[in-house]
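Structural description and commentary
Each chain, written out:
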Amino acid sequence: MRLKIGFILRSLLIVGTFIGLIVFWSSRTPKSSDEKPFAEVEERLANNPLPNVNDNALEKFNPVVPWPHVEGVEVDLESIRQKNDGKKGPPHPPQAGADNQQEIMQKQYVNFKPQKHIYPDPVLRSGVLGNFELKEPEPQGVSGGPGEGAKPFVLGPEYKDAIQASVREFGFNMVVSEMISLDRTISDLRHEECKFWHYDENLLTSSIVIVFHNEGWSTLMRTVHSVIKRTPRRYLAEIVLIDDFSNKVHLKEKLEEYIKQWNGLVKLFRNERREGLIQARSIGAKKAVLGQVLIYLDAHCEVGPNWYAPLVAPITKDRTICTVPLIDSISGHTYDIQPQWGGDEDGYARGAWDWSMLWKRVPLSKREKEKRVTRTEPYRSPAMAGGLFAIERDFFFELGLYDPGLQIWGGENFEISFKIWQCGGQLLFVPCSRVGHIYRLKGWQGNPPPAHVGSSPTLKNYVRVVEVWWDEYKDYFYASRPETYAVVYGDISELKKFREEHNCKSFKWFMEEIAYDIPAHYPLPPKNVDWGEIRGFETNYCIDSMGHTNGGFVEMGPCHRMGGNQLFRINEANQLMQYDQCLTSGSDGSKVMITHCNVKEYLEWQYFKDLHRFTHTPTRKCLDRSEVLHQVFVSDCDTNKSTQKWEMNNILSM
């Protein structure tokens, strides 16, 4: 009897335990009505992150459910794991599981991170002042002081020598600049409609990156002051100054002490050698760790009223968008601010280039205008000037920052523009965000590249860019810059690998879909018949443009074999050219001038190599010269005149 009672009790205990377990597990199972069934787990993970784990490493192999459909290049995930493990040991054996799951895990797509930040579109409310607009006028730096309101400030002739010395050293009239308040007010050049845009306040934060090398004190500090004065503090994570190996005394201890007033908001990092603007900006991206967006400014700028929200809102909406403010011109003489010339009736222009890679601006096209609902919304641009732009920090790193082979300055603006467009991003110009920029004045002695860089860094940069991104269109660059055929541009295999892995589009697609209007302004160049210096036969004198363009006269000067202003080409269309300029006879019918031309203009020259002669077909005269007067002109052809004999010698940049 006792045996039966014990058996019954044990059976009841087992059944009760089993039922209890079922009830417990059912209580822990998420209900279909739960909006976030794993909210508690996510909260615990957020409050107690894993120690000493690299966030990027976690993201790289996090399983994604459901599996996303993206376009890209398939890669072997196990190979990636082995490469990343390096010397950590043998590869992990494949885990058992269903065949289809194993196939999924063996291949992934390489692509950019998805958009996570949800941000509504800005709203235009006519007549209702925008929520980021100032309710009261901005206080003047010095009431009624020099340069307030961006009014021109002119000094008397007694300052002439001091001004010229400052222009030689810094490129600007620093005498005037030092007299203008660092906190001055500036004019508002925005379209009136800009004042009525309303932006959701959930904007991304930003790190402002400013690279400088031997910059003047007040122009650099006015840049910093304007950012702090006109940027809402909640979005300004930091201002990062990158000193690219300056040697000016005022940029040493004085600068370090001055920025302490901002209690760490402004940070200063110094390069141990001259890196140049391009790589110093990549260094800046690595040093700027607090902001979600990187905003690059040149070291001689002043940001305008409500510049921040319009510039960052498109990036907050779509992380693969890069934005550029409209850039106004600050006079390096008097410091008044004017809109840049050119553009359409609103002053809007798209960034462009000619086929020798010179920066250009073209009016906003009808096709782009038709895409807009309002006159002041952002619009697409094929390229940027490069000095001022905003980009999400993580996206910039996913793009690989700048090509590490680009040196000092030049071409980086095109490289990042092509990379953004061809690899799935967008480049937008923002009319309601305006920033003034001082352009260097004639007479500036410049900052020569350091010895470790070598000669012609800009040409080398151009060649790297076209070799990576232009595909078959690179032939047009070489037609315009034949001296670059022999340039040693270094290894670009990693850059081409990036294009392949990210399934970047062709340059042909880019030209047809984005840069479709550039050939109308800068037609594809014809092939060259010959090119090089135009030297007086058996002399040491060459034709030199002397830097003149758009109607200036060419002259004779000592041959220097360095190309530049002495490099010309004659093409199959019978144009005698230098970059985007053509040679033609002047208004007096004899002296030769150089002026801008398109593919159908100034088809006027023939070169008879064996006869050492250039003939000007409209006048039936021959190219002639006076080495005494340094003049170049056309005159009646005479086979006995030695001054009508020329030779065209190729010059290669190394």
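My aim in this report is to walk through the structure given alongside it, one point at a time. Sequence order sets the numbering: in each chain, residues are counted from 1 along the sequence as written. In keeping with the model being predicted, local features are shown solely for residues with a pLDDT of at least 70 and side-chain atom pairs are shown and tallied solely at 80 or more, while totals for entire chains, interfaces and linings include all residues. Each side-chain value is worked out from all heavy atoms of the structure, with water and hydrogens disregarded.

1. Structural notes on the overall build of the protein
Broken down by element type, the protein carries 19 helices and 29 strands. Relative to its 654 residues, the protein shows a buried fraction of 48%. A fraction of 75% describes how many contacts in the protein between residues 6 or more apart in sequence connect residues 24 or more apart. Surface accessibility follows the Shrake-Rupley procedure with a 1.4 Å probe radius. Residue values consider only the protein chains on display as shielding. For the protein, the exposed surface amounts to about 33,500 Å²; the carbon and sulfur share of it is 55%. Secondary structure is summarised from DSSP: a helix means a run of H or I of at least four residues, a strand means a run of E of at least two, and numbering begins at the N terminus for each. Buried means the residue's accessible area, taken with a 1.4 Å probe over protein chains only, is under 20% of the maximum for its type, while exposed means over 50%, and partly exposed covers the values in between. In what follows, a contact means two residues having at least one pair of non-hydrogen atoms within 4.5 Å.

2. Comments concerning the side chain of Glu 193
Its place among the elements puts Glu 193 in the loop between α7 (174–179) and β4 (197–198). The charged-residue count follows a simple rule in which Lys and Arg add positive charge and Asp and Glu add negative charge, with His and chain termini not counted at all. One side-chain nitrogen of Lys or Arg within 4 Å of one carboxyl oxygen of Asp or Glu is enough to make a salt bridge. No salt bridge forms around the buried Glu 193; measuring N to O, its nearest opposite-charge neighbour Arg 375 is 6.5 Å away. Definition of a polar contact: a pair of N or O atoms within 3.5 Å, with one able to donate and the other able to accept a hydrogen when the atoms are protein atoms, and with sequence-neighbouring residues admitted only if both atoms are side-chain atoms. Among the polar contacts made by the side chain of Glu 193, one reaches the side chain of Thr 376 at a distance of 2.5 Å. Discounting chain neighbours no more than four positions away, the residues touching Glu 193 are Leu 124, Thr 374, Arg 375 and Thr 376.

3. Notes on the nonpolar core
Residues belong to a common nonpolar core when they are buried Ala, Val, Leu, Ile, Met, Phe, Trp, Tyr or Cys residues joined through side-chain atoms within 4.5 Å. Ranked by internal contacts, the top residues of the largest apolar core, which has 63 residues, are Trp 353, Ile 391, Phe 396, Phe 418, Trp 469, Trp 470 and Phe 510. When residues of this core are assigned to their parent elements, the largest contribution, seven residues, is made by helix α15 (residues 457–469). Judged by nonpolar contacts, the second largest core, of 46 residues, contains Phe 212, Met 221, Leu 236 and Cys 301.

4. Observations regarding the environment of Ala 309
Relative to the assigned elements, Ala 309 resides in helix α11 (residues 308–317). Residue classification places Ala 309 among the buried positions, given a relative accessible area of 0%. Sequence separation of Ala 309 and Pro 232 is 77 residues, and the distance between their C-alpha atoms is 9.0 Å. Setting aside its immediate chain neighbours within four residues, Ala 309 contacts Phe 132, Tyr 199 and Leu 203.

5. A few points about the pairing of strand β27 (residues 621–626)
Of all six residues in β27, five are buried, a share of seventy percent or more. Each pair of strands is called paired provided DSSP finds at least two bridges between the two strands. Looking at chain direction, strand β26 (residues 613–616) and β27 are connected through two bridges and run antiparallel. From the neighbouring strand, His 616 faces β27, where its bridge partner is Lys 621. Counted between consecutive antiparallel strands, the loop separating β26 from β27 contains four residues, among which Arg 620 sits at a positive phi close to 60°. Bridge count between β27 and strand β28 (residues 631–635): five bridges; the pairing is antiparallel. Among the inter-strand pairings, Ser 626 is bridged to a residue of β28, identified as Gln 631. A loop of four residues connects β27 with β28, the two strands running antiparallel in sequence, and His 630 in this loop sits at a positive phi of about 60°.

6. Quick word on helix α6 (residues 160–170)
By the burial criterion, the buried members of α6 are Ile 163, Ser 166, Val 167 and Phe 170. All buried residues of α6 fall inside an arc of 100° around its axis, so they share one side. Here the buried face of α6 lies against α7. Of the residues trailing α6, Gly 171 is marked for its positive phi of about 90°. Note that the arc is defined by the directions from the helix axis to the C-beta atoms.

7. A closer look at unusual backbone geometry
Non-glycine residue Asn 214 carries a positive phi angle of around 55°. As for its placement among the helices and strands, Asn 214 is situated in the loop between β5 (206–212) and α8 (217–230). You will see that Ile 408, though not glycine, has its phi angle at about 60°, which is positive. For Ile 408, the position within the fold is in the loop between α13 (393–398) and α14 (412–422). Residue classification places Ile 408 among the buried residues on the basis of a relative accessible area of 10%.

8. Thoughts on α15
Given a rise of 1.5 Å per residue, 13 residues ought to cover 18 Å, and the 18 Å separating the end C-alpha atoms of α15 matches this to within 8%. For α15, the tally of buried residues reaches 12 of 13 residues, placing the bulk of the element in the interior. Buried within α15 are the following residues: Pro 457, Leu 459, Lys 460, Asn 461, Tyr 462, Val 463, Arg 464, Val 465, Val 466, Glu 467, Val 468 and Trp 469. Contact partners of the buried residues in α15: α10 (277–287), α14, α16 (474–480), α17 (493–501) and α18 (507–513). What a helix is expected to span follows from its residue count: subtract one and scale by 1.5 Å.

9. Regarding the pattern of salt bridges
The full count for this structure, using the stated rule, is 41 salt bridges. The residue Glu 201 makes a salt bridge to Arg 234 at a minimum N-O spacing of 3.3 Å. Taken together, the positions of Glu 201 in the loop between β4 and β5 and Arg 234 in the loop between α8 and β6 (236–243) put the pair 33 residues apart, joining distant regions of the chain. Among the ionic pairs, Lys 360 bridges to Asp 580, the shortest N-O distance being 2.8 Å. Taken together, the residues Lys 360 in strand β13 (residues 359–363) and Asp 580 in the loop between β22 (576–578) and β23 (581–585) connect sequence positions 220 residues apart. Across the pair, exposure class does not vary: Lys 360 and Asp 580 are buried alike. A cluster of three or more residues bridged by salt bridges with shared partners is formed by Arg 350, Glu 368, Arg 380 and Asp 517.

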